[in-house]
Amino acid sequence: MSLLTSLARLRALDEGIAQPVATVRHCHLSARPMVFVPLRLSGEAAAPLAAMLGDDRDRPRLLVVPQPRNRDLRFAWAAELAGVLLPYVESFTADTETVERRGGDPYERALDAPQLVVPNTGGVAFTRLLGRSTRFRRADGPYPVPESVPLLGRWLTYFAERAAYPGSSLTLAATEELGRHWASGQSGLEDGNLASLVAWITEGPREEAEDPLVWPPAGPATDPGFDAEVLAPAIDSGSAERVTEALRTQLAPTWRLMWQALDLLAGLEPGASVAQRWEQDRASFSAMAESVAEGGPPQPRRDGAVAAAARLARMERAQAAYEVQRAYDDPLVMAEYRLTGEAFAGEVVETVPDNAEGEGRSRKLRPLVVIKTDDPVLLPPGTALGTPERRAQGGELVEAHEGLVTVKITKGMGRGKTAAPGTVPDVGERVCYTSLTGDFQGSPGLPDAEATPWTHGGPPQQYVPDDEDAQEEWS
Amino acid sequence: MTADPGTGSPEPGPEHSPEQVIADVLADLPRHRGVVVDSPPGAGKSTLVVRAAAHLAATGEPLMIVAQTNEQVDDLVVRICDKHPHLTVGRLSAGAYAPPPRLLELAGVRVGTRVQDLGDPDIVIATADKWAWIGDRKWPWAIVDEAYQMRSDKLLRIAGLFERALFVGDPGQLDPFSIVDGDRWSGLSWDPLQSAVSVLLRHNPDLPVHRLPVSWRLPATAAPVVSRAFYPFTGFRSGTGPDERRMELVTGGLGTPHDRALEEAARSGWALLELPERHTVRTDGEAVRAVALLAERLLQRGAVAGSEQGERPVTADRIAVGAAHRDQVAAIRAAGLPPEITVDTANRLQGREYDVTIVLHPLSGRRDATAFHLESGRLCVLASRHRHACVVVARAGIAELLDAHPSAEPVQLGVPVKFPDGWEANQAVLEHLSRHRVRADRG
């Protein structure tokens, strides 16, 4: 936890209400999100019990497994879920734009993409497990399942994987997103309770947030009291209606909280880089939709050696870019870096817009800016700098001495004898410079999977679907 | 204690002389596709790399060497040229790299960004990151230095470049890390976040693993402590006897806690300057000042170190200050130390050697002990950089903090258990330090 977040948490506790830790919203919010609140049978890893879902807050769909120990009923439930989720996902594939690529063929990118919103990280994990247990099923052979079930599994797997992808908004966990924008006065573990976190943000802590009779758990686990006293008798009675109504009482409060959480997030202006990250999400979604349309295989059970390294490289790049973008988009996030000496803000007190280095043909324009700052500048001379005010600009720290920092601008000031107007900040302007820059080196190539070297076990075996897949346990 | 009596004495027997180990390694090279050599701190790893390089180059077959940082590459180039001036060395680098003057003076060395620019040298050497951009050529031999600090995904990118390889490294130092969560791959034999050696050995369990048995760096006061805490099953001994390393402070002390800590360190090789218990921010001002004052007093009092290499003054460039976090390093640098003193994080002190180290304990002033702070490699690096003495600065209460935070990382299926356990290693070092404790005044 950073110093600023610790301070915000202390202040939240002191003032009895959550404190903002972001001034803008760092995730994309869909105009038509698919809110998905799944419940699991307690004691089982991936046995679905019920789910409330839908893209209309006034018309949630409630899907229930009346006897969760019955495999056939579970798959029937999965087919029902597919009946809601797949048309939603497919509704985004029709409208596309053609994107030109440098050094590549143009491709089609969806204009909008689906967004799955679950209550918490447990919801993401359950989505992943549901995907894992359904994507290798088949409509023929032993234990056949409805045709839509394996396809559902692939999409659920995709959504769960995107949840782990830094900066992606295709899958949101409500508690995580709220926690990225507000600091409550409770522990990180307690922030996993959606009712409690929403209460901290809206009106301050309420004891009833932890009362399962008022606010049932947001899933996927259910309240043990409810399990023993309500659910078990309902299931034993054999009445599907009774089970459904019992589960409705557990899901409806969370359903309202989920939309409240989305409203809270919608109250913030989106950060400047959110659209750019959503564009990547749309491209990723289109690639996945294309793979499905072309009849590609389901995602493998495990990443092979090469696939794992490739995914790690993509995720590390995305993580680094996300951290930089968040700081550039949001002065409150940048403040964290100012505290650790990786950024500084202050007023411009002097500029030399026509400063140059070298003579004749090798003369290079290097405008100088002197900034007066109260921040502790812990960057050594020569550090490459960027600035949120002028994102195309690159600079270098020349010296920092007694609150005066000299910055040399090396990029994004035009090619003239003196800096182009507006590219060098004016005296009196408030600016921020940071060693966080979005200049990332591309990562070097990886061997083809068939050329996996001996150090990593040699080429992997090809996946061939067989009847064994159907023998796997569902839970 | 987890020390298993069945694994035998951590003191290697006389049959394992360093010479014998090196001879065994060289003999194993043509017999196996890969050979691994574990080297505890200062056990002559670079000497081994240089000898193996000369040995392989003598066969007339070209050799590639992989190191992890530009400094490591430059160090190796200088050492190879020093010992074997007849060898030609090509140093591959990225475009932005400026070779240090010590490299340009060497006759047999060529620096270039492409293999074609290097002529046809006996040895081509570069960082793993640079090698990953090289393709279309296969070397019969490779030496991978600091292989335990190399992530296995880096090895995956370059393993196609060589037929056979010698992997050398220190298993007790910091594991490679990532800024993203890698749970998804834990348990896989090719987990990209594991070290190159772990992945190599999981796929090729029959490869021979040798161990260098003697630390030439660590003094007799430190080798048993470090060996017991961080290498419980594969111990090593110091190359020098108890009286072969001495450190004296030329001028008398003022009796302050800082001076007494330095005296204790000069006498026994260790000192713990204990500040009053307090929970602090990471850049604990008081601890930072204590570290800076220790360094300043050490220089003022003119320490002289005597060893098998003769007597020499402990000058600023022979002193290092280590901390866990970059902001701590920045704060210590800003406290006004002479620029010749190295101040850096554990990650960047790996592989370096100094006469005296001053360490800000990773757990000092903390409220919690996270996996990051408990990682045994972090403390191991910080506690094993010195030839003479190590002074640790810490707030009181670390033992209690450790007791309140036993390692609680989830156990993952298929992940080999890692020894030593960071929690236990921390306790072991702390217990030893408590015998060399000097309390700072209550303030």
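Thresholds applied
- Residue numbers restart at each chain and count upward from 1, following the sequence in its written direction.
- Here every chain gets a letter starting at A, and every ligand a number starting at 1, in the order they are written.
- Since the coordinates come from a predicted model, pLDDT governs what is reported: local features require at least 70, and pairs of side-chain atoms require 80 or more to be given and counted, while whole-chain, interface and lining totals use all residues.
- Here, any two strands with at least 2 DSSP bridges between them count as paired.
- Each helix is a run of DSSP H or I of at least 4 residues and each strand a run of E of at least 2, with the numbering of both proceeding from the N terminus.
- Once C-beta atoms have been placed from the backbone, residue pairs whose C-beta atoms lie within 7 Å are recorded as contacts.
- Between N-to-C directions, angles span 0 to 180 degrees; the directions come from axes that are lines fitted to C-alpha atoms, helices contributing only their stretch in contact.
- Each domain's extent was defined by an automatic or database domain assignment.
- Each residue gets one label: Ala, Val, Leu, Ile, Met, Phe, Trp, Tyr, Cys and Pro are nonpolar, Asp, Glu, Lys and Arg are charged, and the others, such as Gly, are polar.
- With C-beta atoms placed from the backbone, a residue is labelled by how many other C-beta atoms lie within 10 Å of its own: buried for 20 or more, exposed for 12 or fewer, partly exposed between the two.
- We call two directions roughly parallel when the angle between them is under 35 degrees, roughly antiparallel when it is over 145, roughly perpendicular when it lies between 65 and 115, and oblique otherwise.
- Handedness of each helix crossing follows the sense of rotation of the near helix against the far helix: counterclockwise by less than a right angle gives left-handed, clockwise gives right-handed.
- Nonpolar core, as used here: buried Ala, Val, Leu, Ile, Met, Phe, Trp, Tyr and Cys residues forming one set through C-beta atoms within 7 Å.
- Values of pLDDT, ranging from 0 to 100, describe the predictor's confidence in every residue of the model.

Re the sheet that holds strand β15 (residues 394–401) of chain A
Residues and elements named next belong to chain A.
Argument step 1. Across the sheet, 6 strands lie side by side as β14-β15-β16-β13-β10-β17; this open sheet has antiparallel pairing. Among the strands making up the open sheet, the edge pair consists of β14 (384–385) and β17 (430–434).
Argument step 2. Contacting β10 (343–352) and β17, helix α11 (residues 331–339) runs over the sheet at an angle of about 85° to β10.

Examining the domain arrangement of chain B
All names here are of chain B.
Argument step 1. Annotation of chain B at the domain level lists domain 1 (17–212) and domain 2 (223–439).
Argument step 2. Each of domain 1 and domain 2 has a C-alpha centre, and the two are 29 Å apart.
Argument step 3. Taken together, the contact pairs 15 residues of domain 1 with 20 residues of domain 2.
Argument step 4. Class assignment of the residues belonging to the side of domain 1 that touches domain 2 gives a composition of 4 nonpolar, 7 polar and 4 charged.

Thoughts on the interface of chain B and chain A
Argument step 1. Contacts between the two partners involve 27 residues from chain B and, on the opposite side, 26 residues from chain A.
Argument step 2. Elements with a minimum of two residues in the side of chain B that touches chain A: α6 (152–158), α7 (196–203) and α11 (326–333) of chain B.
Argument step 3. With 4 residues, the single largest contributor to the side of chain B that touches chain A is α6 of chain B.

Considering the environment of V124 of chain A
Residue and element names in this part refer to chain A.
Argument step 1. Examined against the element boundaries, V124 turns out to sit in helix α3 (residues 121–134).
Argument step 2. By C-beta crowding, V124 is classed as buried, having 23 other C-beta atoms within 10 Å.
Argument step 3. In the structure, V124 is positioned 114 residues away from L10 in sequence and 29 Å away in space, judged by C-alpha atoms.
Argument step 4. If we ignore the near neighbours within four places in the chain, the residues touching V124 are V118, A160, A163, T171 and A173.

Focus: the domain arrangement of chain A
The figure often quoted for interface size is the accessible area lost as the parts come together.
Residues and elements named next belong to chain A.
Argument step 1. When the domains of chain A are assigned, the result is domain 1 (3–299) and domain 2 (331–434).
Argument step 2. Between domain 1 and domain 2, the C-alpha centre-to-centre distance is 43 Å.
Argument step 3. Counting residues at the interface gives 5 residues for domain 1 and 6 residues for domain 2.

Considerations on the packing of helix α5 (residues 174–181) of chain A against helix α8 (residues 240–266) of chain A
Residues and elements named next belong to chain A.
Argument step 1. At a minimum axis distance of 10 Å, the contact between α5 and α8 shows a crossing angle of 30°. Put simply, α5 runs roughly parallel to α8. For the pair α5 and α8, the sense of crossing is left-handed. On α8, the residues that touch A174, E177, L178 and H181 of α5 are M258, A261, L264 and L265.
Argument step 2. Considered class by class, the residues forming the contact of α5 with α8 number 6 nonpolar, 1 polar and 1 charged.

Focus: the nonpolar core
Argument step 1. One finds A53, I143, V291, L294, V391 and V393 of chain B to be the most contacted residues of the largest nonpolar core, which totals 169 residues.
Argument step 2. Looking at which element gives the most residues to this core, the answer is helix α10 (residues 305–329) of chain A, with 9 residues.
Argument step 3. Leave out the neighbours within four places in its chain, and V391 of chain B touches A261, L262, A265, A271, L273, L294 and I358 of chain B.
Argument step 4. Grouped together as the second largest cluster of nonpolar side chains are 79 residues, L49, A82, V149 and L152 of chain A included.

Looking at the environment of W133 of chain B
Residue and element names in this part refer to chain B.
Argument step 1. Residue placement: W133 occurs in the loop between α5 (128–131) and β6 (139–144).
Argument step 2. Judged by the 17 C-beta atoms lying within 10 Å of it, W133 falls in the partly exposed class.
Argument step 3. Taking the C-alpha atoms as reference points, W133 and S364, 231 residues apart in sequence, are found 42 Å from one another.

Here's the deal with the confidence of the model for chain B
Residues and elements named next belong to chain B.
Argument step 1. The share of residues in chain B with pLDDT of 70 or more is 96%, and the mean pLDDT across the chain is 89.
Argument step 2. The model gives residues 1–14 a pLDDT under 50, and that stretch makes 15 contacts with residues more than four places away or in other chains.
Argument step 3. Scored as a whole, the predicted complex attains pTM 0.89, and scored at its interfaces, ipTM 0.87.

What to know about the pairing of strand β1 (residues 34–38) of chain B
Residues in a regular strand project their side chains so that they alternate between the two faces of the sheet.
Residues and elements named next belong to chain B.
Argument step 1. In terms of burial, β1 is largely enclosed, as 5 of its 5 residues are buried.
Argument step 2. Neither face of β1 is open: one carries G34, V36 and D38, the other V35 and V37, and all of them are buried.
Argument step 3. Here 5 bridges tie β1 to strand β7 (residues 162–169), and the two strands are oriented parallel to one another. Residue pairing for β7: V37 is matched across the bridge by V168.
Argument step 4. By the bridge criterion, 3 bridges tie β1 to strand β8 (residues 209–211) in an arrangement that is parallel. Note that in β8 the partner of V37 across the bridge is H210.

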